[in-house]
Amino acid sequence: MPRDDAPLTREQVFDAYRTVLRARALDDRRFVLNRAGKLAFIISPRGHEVAQVAAITALEPGRDRFCLYYRNFAAALACGFTPEELMLSAFARAADPSSGGRQTPGNFGSRRRGVVIGSSTVGPQIPKAAGIGLALKWKGEGALCYVSFGEGATSQGDFHEGLNFAAIHHCPVIFFCENNHWAISVPQALQVAGPGVAERAAAYGIPGVRVRGDDFFGVYDAVRDAASRARAGEGPTLIEAEVLRLQSHSTDDDQRTYRDATELAAEAARDPIPRMRDALIERGWLTTESDDAMREQVSREVERATEAAEAAPDPDPGSLSRHVYADA
Amino acid sequence: MPRDDAPLTREQVFDAYRTVLRARALDDRRFVLNRAGKLAFIISPRGHEVAQVAAITALEPGRDRFCLYYRNFAAALACGFTPEELMLSAFARAADPSSGGRQTPGNFGSRRRGVVIGSSTVGPQIPKAAGIGLALKWKGEGALCYVSFGEGATSQGDFHEGLNFAAIHHCPVIFFCENNHWAISVPQALQVAGPGVAERAAAYGIPGVRVRGDDFFGVYDAVRDAASRARAGEGPTLIEAEVLRLQSHSTDDDQRTYRDATELAAEAARDPIPRMRDALIERGWLTTESDDAMREQVSREVERATEAAEAAPDPDPGSLSRHVYADA
Amino acid sequence: MPERNLVQAVRDALDEEMARDERVCVLGEDVGLKGGVFKATEGLQQRYGVQRVLDTPLAESSIAAVAQGLSLEGFRPVAEMQFVDYSFPAFNQIVNEIAKVRYRSNGDFSCPLVIRAPTGGGVRGALYHSQSPEAFFCHVPGLKVVLPSTPVDAKGLLKAAIRDPDPVIFLEPKKLYRAERQEVAEGEAAVLPLGAAAVVREGVDVTAVTYGYMRTVTVQAAARLSQDGIEVEIIDLRTLRPWDVETCARSIHKTGRVAVIYEANRTGGFGAEVAAELAERCFASLDAPVSRIASPDVPAMPFSPSLEHAFMLNPDKVADGLRRVARY
Amino acid sequence: MPERNLVQAVRDALDEEMARDERVCVLGEDVGLKGGVFKATEGLQQRYGVQRVLDTPLAESSIAAVAQGLSLEGFRPVAEMQFVDYSFPAFNQIVNEIAKVRYRSNGDFSCPLVIRAPTGGGVRGALYHSQSPEAFFCHVPGLKVVLPSTPVDAKGLLKAAIRDPDPVIFLEPKKLYRAERQEVAEGEAAVLPLGAAAVVREGVDVTAVTYGYMRTVTVQAAARLSQDGIEVEIIDLRTLRPWDVETCARSIHKTGRVAVIYEANRTGGFGAEVAAELAERCFASLDAPVSRIASPDVPAMPFSPSLEHAFMLNPDKVADGLRRVARY
Ligand SMILES: Cc1ncc(C[n+]2csc(CCOP(=O)(O)OP(=O)(O)O)c2C)c(N)n1
Ligand SMILES: Cc1ncc(C[n+]2csc(CCOP(=O)(O)OP(=O)(O)O)c2C)c(N)n1
Ligand SMILES: [Mg+2]
Ligand SMILES: [Mg+2]
């Protein structure tokens, strides 16, 4: 785990890169399974993976809290969810650690990992994270709460209420906006008045930072700085990572019906994963051979995860009414 | 009615000053009636009067729309409510033009005057005003929507949603925050993160202006500028008028239990009405004699209004179920 | 007459009303070029332009508020909540503001508008795309609530809702969007009155009062019971507020037995109102207790097919319940 | 034992629980130095400090969200909504988030917290300080709902609610805050179990099931009926979710007649659930239809005394209703 002042090690970057590849390979696999009628519904992180993994790499799973949103498939892996666990959730199996098959995949939760169970509702996690941050501040152990969301979520009143509260009470919270410029079919121009999300931080007197979401080191640095401030009692930070939504919103959506074809083609050519690979090769940390080997390994992992999850049992219908309230 | 480019005339200022005096005299009278057990509940505009009347003076009652809040007693007078009408509402009489005695006084409404009926709920009028503004933009007649609220209301998600919407669609709306630095007992430091309300405008890419609420001409100019922009299709403006709450929040509150006594005394000495009077005397528009005469006249008016309202009939209990839905 | 499924009928109703009355406009998330996540508004933006078919920010409170503002200015907005589960951020605007405008202004203002939302489960939408919260809205004086179950009813009642002088919550069972196709009338001939139930099947042994997707399930259950010699009279309420007590009472007078069948959580569901009212009104005619057949008191239906199935009412469960009433 | 009115009993419960368990904290608008608009938290900030008694911004959604965040981190927050009418901005946080945390995480997370709010009318609070919206919360699986009517019950049940492992909505009838005084036990002896009704008066002719302020009204009505030889058995539900069907059924078994008396709007009120359930369960014992005595379907009670009186149930109206049931 990185300490505030420790530099990013080559191992960490390697791990992160592997996580990014895992996310992509799992996602590819899920699409195949979806087309085969085996998976009902997918929300793809495609285009967001590098930003998500870079952010989590700058934090401390096990120590910090994570309020993730439905597109945080790669972030969930970085928080410690295994490929098999995510596949269990895709198949809605009983052993899905997030919800035992109760929620659509993408609602990640694991108490022991500090990943706070979310819902499919856009926005409510933002002020909730402020409350978690307040609790962490009271506990005084230097932990922080990371909360992520799309730029569409910034339109909700809850975004404002959460930032205002966290800023007033200097809560150790990192507000991480993955701005892919689209909320389903609504473009940023119809969603976010003004210059952008990062600029909204000033309204609350907190730092606002915009980073390129395909720049692993840039995102890492921004989050690490925010984390240092949070742990030092200096309060929250709002980070806007500019990313691309390389897939439609979900498997229920087809973005070609509302987005420009040339724009889509141009974005497809800007996939962040090759960019990360090239950056690592440039640093001499990766070769095309080691890259291929890693991909090979990841692909076997995904195979095993899929098989195990597919074979796992469904939830017992008799469990339907459990956990509405505490067991008596 | 002032046109965008017309300078403020002496008559207008006189009218405005008379309205300010009326508001104060009516308020004094209401407190007497409250102590006598004749009025149940009052929210005083004391300290806000000059700002309120200056703002409305810069607009066009009859043409524009006004979404007022419960402290806008002086603004309501400026919009054309008569002293008798406001007293009818204080006594909850059937002839109360706002609600026929159904709402607590302070929920002003009059279709023909463009004063949009509000509720006692803090905040919801803000995005509603954005919707009204959108409609006015569609109608294209140059009318605008003015919406006012306290700084406490800026904490609501609805504040953010309203500003974001109005800014995206360049709605002709003036967001007018009467910042008295207290929301009942909660001070601004626990309410508004960051430098202040006006600074929040930048988050939406719209102009934000801070004015002294005891400066009649300053408030007037700020609102007139905002109105010009709104009517020219340049979108909304956020104005923060710094005012004092010279009374407790309402007759159900006693601010001495939570505010510093020296601060209260210092504020009492900064009543905006003498300041406005002095400014007018300085311009040679008023003499102490004409001031006294005006006060005399206002006081007789208030007397008549009170008598008429007190003598007016209560709502017919048989009308209880009317206007839940349209008459069949 | 053209054959239409339910979602096409909704679209036709919108299209016809927009063509008929230029005050009618549509707003919501993704209602524009995408045509809504269920395609209920497909093609409308192309036909009526970006003003009358407006993609809003992702902020339900402001969607309701803006609709209200437009309505107060004489437009006839039809706002879409993408799923009724996501109408809760707008709950304050709906319950405190929209529903009470007419009443609190003593009839001076009114607020005719429609809020449409897909409701109910059975499409693997899991906890946050499956709820049936109609009871919340049915408890609110000032609102009307419609919940159709056929293309003909959806079109006829939506047209009536748009023309109604009061705010209407219009809930569309998403499970039925692409179910049955019917010949649906056009223009004025299509309009149906709010507040009238339909006798869907005649029978002498037991009355089943239901609405929405449960109508379909109950029809299937009745077919099975018919083989056992039990003839069920099925009443589809169609409008829940106001609801058609008379038609139900008339049927019970004949059958002496009644079950209320609804998809929502049993406790506090709208079926409780129906059951309570019918038990009181029809006391002297009843040969068996008024029975409720409803979903279990579990937050909403889970994603896993095994749990979804365990949650949902189906023809078997409904037939069992009806048989018990018939044999009491 | 000290004599206490209801609001003092609430304060004592908070005080004792905060002293007993340092995880217990209080948050809301004006709960600090002011001690709440009804003085329910008076003195607590002085005793426990600004952290454990936190004045929040004026934003109910974030109050609920922050409470949830604190709870997820192991604190035991008691959040105040200044009036239950103002809980609607928090409706999404309460219904979609708080109520479903345990279920959606398959039991991995839980969210014990209390949301307190003054409810009901009769204090000239008008439309926005008088509503009785308990039915909304009673329809939500995952929530518990408590609505006490005496100092003893308020204290005992609030202590239990704070210790409960699940989220509890705790509604306090403001009309009773300063009504009756009772001797109230201290410490552990004061705790009362959730979910148990109280037989408030024994009688043989008709059962009256009620709660909140209507208990007081029903007791007065029963005294009048007793003079006519009609003996009413009064049951105060105290907890509405889960509610004590058994105690009610036992009474009806004896009396054969029952009326449900509630202050909320009749249609869709919680009394509908009670009436429907009792009509079904007790069918064979009933000599008269289960009758509901409730407030009219008018948005809420108006400010004017004449209209407030017309709206509210009183001993006369309740006695009339009970007499009708007794004489059926
Ligand atoms: C309160 C609420 N309203 C609407 C939805 C439906 N919905 C799900 S995702 C989404 C778009 C979100 O866009 P954004 O926040 O930009 O995130 P992205 O999906 O682009 O990563 C919408 C409208 C929802 N889940 N919750
Ligand atoms: C949604 C909502 N929550 C709480 C209240 C109770 N309340 C009424 S006024 C008020 C304070 C408002 O302060 P501010 O907005 O600063 O306006 P001011 O009264 O200072 O002019 C509060 C908390 C309310 N009316 N509505
Ligand atoms: Mg997006
Ligand atoms: Mg204020």
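Please refer to the structure higher up on the page.
Computed from a prediction, not measured in an experiment: that's the story for all the values here. (Residues numbered from 1 in each chain as written. Chains lettered and ligands numbered in written order. Predicted model: local features only at pLDDT ≥ 70, side-chain atom pairs only at ≥ 80, totals over all residues. Heavy atoms only, no water.)

Draft legend 1. Local environment of the coordination of the magnesium ion (ligand 4). Residue and element names in this part refer to chain B. Here the magnesium ion (ligand 4) is held by the protein donor atoms Glu151 (OE), Asn180 (OD1) and Trp182 (O), which lie 2.1 to 2.3 Å from it. Counting along the primary sequence, the residues that act as donors to the magnesium ion (ligand 4) give the motif E-x28-N-x1-W. Under the relative-accessibility criterion, Trp182 is labelled buried at 14%. (Donors = N, O, S within 2.8 Å, 3.2 Å for Na, K, Ca; no water. Buried < 20%, exposed > 50% of the residue type's maximum accessible area, 1.4 Å probe, protein only.)

Draft legend 2. Summary view of the coordination of the magnesium ion (ligand 3). All names here are of chain A. Those protein atoms acting as donors to the magnesium ion (ligand 3) are Glu151 (OE), Asn180 (OD1) and Trp182 (O), and they sit at 2.1 to 2.3 Å. Read in sequence order, the donor residues for the magnesium ion (ligand 3) give the motif E-x28-N-x1-W. One end of the pair, Glu151, is in the loop between β2 (145-150) and α6 (157-168); the other, Asn180, is in the loop between β3 (173-179) and β4 (182-183), and 29 residues separate them in sequence. Grouping residues by exposure puts Glu151 and Asn180 together as buried. (Helix = DSSP H or I, 4+ residues; strand = E, 2+ residues; numbered from the N terminus.)

Draft legend 3. Just the pairing of β2 of chain A, in detail. Residue and element names in this part refer to chain A. Extensive coverage of β2 is indicated by the burial of 6 of its 6 residues. Alternating positions in β2 separate into two faces, Cys145, Val147 and Phe149 on one and Tyr146, Ser148 and Gly150 on the other, with burial throughout. Bridge count for strand β1 (residues 65-67) against β2 is 3 bridges, and the pairing is parallel. Opposite Cys67, over in β2, you have Val147 as the bridge partner. Both β2 and β3 contribute to a ladder of 6 bridges, which runs parallel. In the sheet register, Val147 faces β3, and the bridge partner there is Phe175. Following the backbone out of β2, through α6 and into the adjacent parallel β3, one traces a crossover that is right-handed. (Pairing = 2+ DSSP bridges. Right-handed = clockwise from strand over helix to strand, strands pointing away.)

Draft legend 4. The site of ligand 2, seen in detail. Taken together, the neighbourhood of ligand 2 is formed by 21 residues, with Tyr69, Tyr70, Arg71 and Trp182 of chain B together with Glu60 of chain D sitting nearest. In this structure, Ser120 of chain B approaches ligand 2 through a main-chain N or O atom, which is 2.8 Å from a nitrogen atom. Taking Glu151 of chain B, its side chain carries an N or O atom lying 2.9 Å from an oxygen atom of ligand 2. Coverage of ligand 2 by the protein amounts to 97% of the 580 Å² it exposes when considered alone. Here the residues of the shell around ligand 2 are counted per class, giving 9 nonpolar, 8 polar and 4 charged. (Near = heavy atom within 4 Å. Polar contact = N/O pair within 3.5 Å; in protein donor to acceptor, adjacent residues only side chain to side chain. Areas by Shrake-Rupley, 256 points an atom, 1.4 Å probe, with all protein chains shown as cover. Nonpolar A, V, L, I, M, F, W, Y, C, P; charged D, E, K, R; others polar.)

Draft legend 5. Representation of the relation of the copies chain C and chain D within the structure. For the pair chain C and chain D, the superposition axis carries a translation of 0.0 Å, the fit reaches an RMSD of 0.0 Å, and the rotation angle comes to 180°. Interpreted geometrically, this transformation is the action of a two-fold axis. Residue Ala276 of chain C, judged by its C-alpha, is the member of chain C lying nearest the rotation axis, at 2.2 Å. (Least-squares fit on C-alpha atoms with pLDDT ≥ 70 in both.)

Draft legend 6. View of the pattern of salt bridges. Here the structure, examined in full by the defined rule, presents 120 salt bridges over all chains. With a closest N to O distance of 3.4 Å, Arg277 of chain B and Asp278 of chain B form a salt bridge. Arg277 of chain B gets classed as partly exposed once you look at its relative accessible area, which sits at 24%. Since its relative accessible area comes to 39%, Asp278 of chain B is described here as partly exposed. Here the residues in one salt-bridge network are Glu16, Glu17, Arg20, Lys155, Lys159, Arg163 and Glu188 of chain C, joined through shared partners. (Salt bridge = Lys/Arg side-chain N within 4 Å of Asp/Glu carboxyl O.)

Draft legend 7. How the structure looks around helix α3 (residues 60-72) of chain D. All names here are of chain D. Helix length check: α3 (13 residues) gives 18 Å between terminal C-alpha atoms against 18 Å at 1.5 Å per residue, within 8%. In terms of burial, α3 is largely enclosed, as 13 of its 13 residues are buried. Phi turns positive one or two residues past the end of α3, at Gly74, with a value near 100°. (Expected span 1.5 Å × (residues − 1).)

Draft legend 8. Representation of helix α9 (residues 245-255) of chain D in the model. For α9 of chain D, the full list of buried residues reads Val245, Thr247, Cys248, Ala249, Ser251, Ile252 and Thr255 of chain D. The positive-phi residue at the C-terminal boundary of α9 of chain D is Gly256 of chain D, with phi of around 75°.

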